[in-house]
Structure formats: structure tokens, C-alpha cells
Amino acid sequence: MKDYIIRGMDKKGNFRLFVASSTNLVEKARRIHNTSPTSTAALGRALTAAAMMGVAMKGEKDSLTFKIKGDGPIGNIVTVANSKGEVKGYVDYPYADMPSRSDGKLDVGAVVGKNGKLAVIRDLGLKEPYSGQSKLVSGEIAEDLVHYFYLSEQQPSAINLGVLVDKDISVKAAGGYILQLLPNVEEESIDKIEEILKKAKPISTLIDEGLTPEEIMEELFGQFEMEILDKIYIEYKCSCHREKIEGILLSLGKKDINDIIEEDGQAEIVCHFCNKKYQFTKDDLLKLINY
Ligand code: ZN
């Protein structure tokens, strides 16, 4: 099954909902970055959240960067998504791992760290990108994002993100949902939602049981009259290309490029997101600075 997100809402306008299945894209991220199980879960949760926030944007060229920097061994987690369902990401230390928690779950909170912050930067094609940030609460990512949405965007929400890693360390199931309360939500609906979420199985379990996003919406929120507004396929995709890398090299400045030419006689730039290697010979570098 391909990965996709459905966007829906209840017909009475109480809440908006995004449900994502992201098993393939998280597995692709794992293979690219060779992440340990706990790092796979951390990066996978962030990628899934970024994909949902990405498709929530309207403009064709809009993009979003979602960064997490805790004091755990994984270092920075950086993810970038756009409104077309393309997402990519990396972590500083993909081999960082942690013993599982006493309940058998991967200890994402420990690998990310509780102390730190997260930032969301939306580039909507305006002069200045819109950005907000908040402190981490637990390093578990979903909880941290709920806190962020509430403080930074005044948006009450409920979020569940999950990655199930198989015995052979490949990704068995991944997915997530973001529920956002709308301004006119009824008090009794809030109670109902809380009740539902308290009893709900983790999203990774539902995906692992073979449920589609539509079925998950029905399983969780069937007592509301739900309407699906959109279905968007999502994938792990890096759009790096040689000209873009040349631009990054040029931004170092002529002097630094000259230093590279004198010291190394060549340069190799590796894309953080897809690990593609770009080679620049001495001639390439000379052409760049003399252009
Ligand atoms: Zn790339």
C-alpha cells in the first residue's frame, strides 16, 4: 500500500483531522540514513508529523521545516515537507540508540532528550518565512508538538505519532494523526474526543493491523459524522541537484573556495537529506568562482 494522508472533518465543524500512513517513507528514511531502531522511531515520527503539516499548507510552492533539538544523543532532527506530500529529513547521529522502556516501547524521549526546543518554519513565498518555536516537554515528539501548537499557534490539538520497528530493524508500521479543535467546538464533543483518545490503540498498532487511514478515522471517530475532504499521497523525496549544491558552495565565498582548491584540489559535498555525493574537480571549482 502506498503512503497517504487523508484530511477530514466532522460535519458539525467541531474538529479537523489528518490521518497518515507512512510506513514506506519511514522505511526509506531508515535505509538512507542507516538509523538505529530508536533513531528510526524518532525520525519517523518527525517525518510523519512534517508530512501532515506540509499538506495542510495551501500554496503549491509552500514548504515547511520542522526541527527538534533536544539534549539527547540523536542531536538535531531536521525534516522538510511541502504541500505536495514530499518529505525528507535527517538526524545528526543516526546510530544513537537507547534501551527499550520497561513497557517494551522504543525510548524516543531518551534519544531526543527532554530539554531543548522545537521549531516550525513555514515558507509561504512571502518576504519572511513564518516561524515559531517552543520548549520540548518530553522529547516524545507528539506531546511536544501539541504543546507547540497550543502555545505558538493558539491551536488546541491532539496528536499521535508512531513507528513500529521489526526484529530485523526494518519499519513494520508507521503513521500518525493530528486532530485540531475548531473555534466553535461544542463542550460535549471535547469530552467525547477525550474519551475516544483515552481508549484508542496507538496509531502504529492500527496501521500494523492493516487499517487504512480511512478505516482509522472510522474506527476512532465513527461516532461523529465524518467527511473526507482530501487524499494526498506522500513520499520521501529529496529534490537536490547539482546547481543547488553549487549555490551552497558559492555561498561560502570566493576566498573559502580558493582555500579548498589550494588545500584539497577538489571538493565532495554530500546532501544531508539523501546522502547523494556531488564531486567538484579543481576545474569545476575554478569555473564556479570565475563565473
Ligand atoms: Zn538530496
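Residues numbered from 1 in each chain as written. Predicted model: local features only at pLDDT ≥ 70, side-chain atom pairs only at ≥ 80, totals over all residues. Heavy atoms only, no water.

Student: Hey, could you go over the coordination of the zinc ion for me, with residue numbers and the actual values?
Tutor: Within the protein, the zinc ion binds to Cys-238 (SG), Cys-240 (SG), Cys-271 (SG) and Cys-274 (SG); these donor distances fall in the range 2.2 to 2.3 Å. Each of the 4 donor atoms bound to the zinc ion contributes to angles spanning 103 to 117°, and the resulting shape is tetrahedral. Donor residues for the zinc ion sit on one chain with the sequence pattern C-x1-C-x30-C-x2-C. One exposure class covers both Cys-238 and Cys-240, and it is buried. (Donors = N, O, S within 2.8 Å, 3.2 Å for Na, K, Ca; no water. Tetrahedral: all angles 85-135°; square planar, octahedral: opposite > 155°, others 65-115°. Buried < 20%, exposed > 50% of the residue type's maximum accessible area, 1.4 Å probe, protein only.)

Student: Give a detailed account of helix α10 (residues 282–290), specifying residues and quantitative values.
Tutor: Every α-helix carries 3.6 residues per turn, so stepping three or four residues along brings you back to the same face. Within α10 the residues assigned to the buried category are Leu-285, Leu-288 and Ile-289. The arc enclosing the buried residues of α10, seen along the axis, measures out at 85°, which places them on a common side. Counted as exposed and oriented over 90 degrees from the buried face of α10: Asp-283, Lys-287 and Asn-290. For α10, the elements touching its buried residues are α8 (242–250), α9 (254–263), β12 (267–270) and β13 (277–280). (Helix = DSSP H or I, 4+ residues; strand = E, 2+ residues; numbered from the N terminus. Arc of directions from axis to C-beta. Contact = heavy atoms within 4.5 Å.)

Student: Account for the pattern of salt bridges, with residues named and values stated.
Tutor: Pairing is possible between side chains that carry opposite charge, provided their charged atoms lie close to one another. This model, assessed by the stated rule, comprises 16 salt bridges. Between Glu-140 and Arg-101 there is a salt bridge whose closest N-O contact spans 3.5 Å. Placement of the pair is Glu-140 in the loop between β7 (130–135) and α4 (142–153) and Arg-101 in the loop between β5 (86–91) and α3 (108–112), with a sequence separation of 39 residues. A salt bridge links Glu-153 to Arg-122; the nearest nitrogen and oxygen atoms lie 2.7 Å apart. (Salt bridge = Lys/Arg side-chain N within 4 Å of Asp/Glu carboxyl O.)

Student: Lay out the packing of α9 against α10 in plain terms, naming residues and giving numbers.
Tutor: In contact at an axis separation of 10 Å, α9 and α10 are set at 165° when each is read in the N-to-C sense. Considering the angle they form, α9 stands roughly antiparallel to α10. Taken as a pair, α9 and α10 cross one another with a handedness that is left-handed. For the pair α9 and α10, the contacting residues are Lys-254, Ile-257, Asn-258, Ile-260 and Ile-261 in the first and Lys-282, Leu-285, Leu-286 and Ile-289 in the second. Split by residue class, the contact of α9 with α10 holds 6 nonpolar, 1 polar and 2 charged. (Axes fitted to C-alpha atoms, helices over the stretch in contact; angles between N-to-C directions. Parallel < 35°, antiparallel > 145°, perpendicular 65-115°, else oblique. Left-handed = near helix turned anticlockwise from the far one by under 90°. Nonpolar A, V, L, I, M, F, W, Y, C, P; charged D, E, K, R; others polar.)

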